[in-house]
Amino acid sequence: MIHMVKLCVGVSSFEELESYRDERAHWWGADYGEDVHVHRTRMMPKRVEEMEGKGSIYWVIAGSIVCRQVIQRLAPYTDAEGKNYCDIIMSRELVRTIPYPKRPFQGWRYLEPKDAPPDIAANDAENSIEIAAELARLGLL
């Protein structure tokens, strides 16, 4: 199994990403007829078999990995001009993670499971997210 880490460009918070879930697929005309979240990226990963149904995409928002979504499958897409893309078809559920600092990069990167930040339990207090973010910012997590 392998994960993917990707910058969530133009999104400034976890809550803003939540609000975009329903809109993004329509921006590209990607309709998979399911209750999914779709993100289109330029390149198809070479390690597709290790991601589909097993890995997650970890979203970097405002300089930290803050959440993940399970990757259900990766689908090739070709636009009207003949450009090839990859549609990342994910579960709609956003799982908060302990914030983990990540510098900007282009495209996406593979993320080994041992290097992925742990999930924050759903019953954790809201302030634990803020505390974890501050500890990560200070380099203590």
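Reading the values: rules and limits
Residues numbered from 1 in each chain as written. Predicted model: local features only at pLDDT ≥ 70, side-chain atom pairs only at ≥ 80, totals over all residues. Heavy atoms only, no water. Helix = DSSP H or I, 4+ residues; strand = E, 2+ residues; numbered from the N terminus. Buried < 20%, exposed > 50% of the residue type's maximum accessible area, 1.4 Å probe, protein only. Salt bridge = Lys/Arg side-chain N within 4 Å of Asp/Glu carboxyl O. Core = buried A, V, L, I, M, F, W, Y, C linked by side-chain atoms within 4.5 Å. Phe/Tyr/Trp six-rings, centres within 6.5 Å; stacked < 30°, edge-to-face > 60°. Lys NZ or Arg CZ within 6 Å of the ring centre and 35° of its normal.

**What about unusual backbone geometry?**
Item 1. At Ala62, a position not held by glycine, the phi torsion is positive, near 55°.
Item 2. Structurally, Ala62 can be placed in the loop between strand 3 (56–61) and strand 4 (64–78).
Item 3. The exposure class assigned to Ala62 is exposed, which follows from its relative accessible area of 69%.

**Focus on the pattern of salt bridges**
Item 1. Enumeration according to the criterion identifies five salt bridges in this entry.
Item 2. Here Asp87 and Arg40 are joined by a salt bridge, their closest N and O atoms 2.6 Å apart. Remark: Arg40 occurs in strand 2 (residues 36–41) and Asp87 occurs in strand 5 (residues 84–91); sequence separation between them is 47 residues.
Item 3. Among the ionic pairs, Lys114 bridges to Asp115, the shortest N-O distance being 3.3 Å.
Item 4. On the basis of relative accessible area, Asp115 is assigned to the partly exposed category, the value being 37%.

**A few points about the environment of Ile98**
Item 1. Structurally, Ile98 can be placed in strand 6 (residues 95–101).
Item 2. A relative accessible area of 25% places Ile98 in the partly exposed class.
Item 3. Sequence separation between Ile98 and Ser64 is 34 residues, and the spatial gap between their C-alpha atoms is 9.3 Å.

**Here's the deal with the nonpolar core**
Item 1. One finds Leu17, Trp59 and Ile88 to be the most contacted residues of the largest nonpolar core, which totals 21 residues.
Item 2. With four residues, the single largest contributor to this core is strand 4.
Item 3. Within the second largest apolar cluster, eight residues are counted, among which are Leu7, Val60, Ile65 and Ala116.

**Here's the deal with the packing of aromatic side chains**
Item 1. Following the criterion strictly, the structure yields one aromatic pair and no others.
Item 2. Summarising the aromatic geometry, the rings of Trp108 and Tyr110 are spaced 5.0 Å apart at their centres and angled 75° between planes, so their arrangement reads as edge-to-face.
Item 3. The ring of Tyr77 has Arg40 sitting right over it, with the charged end atom 3.5 Å from the ring centre.
Item 4. Sitting above the plane of the Tyr110 ring, Arg47 keeps its charged end 5.1 Å from the centroid.

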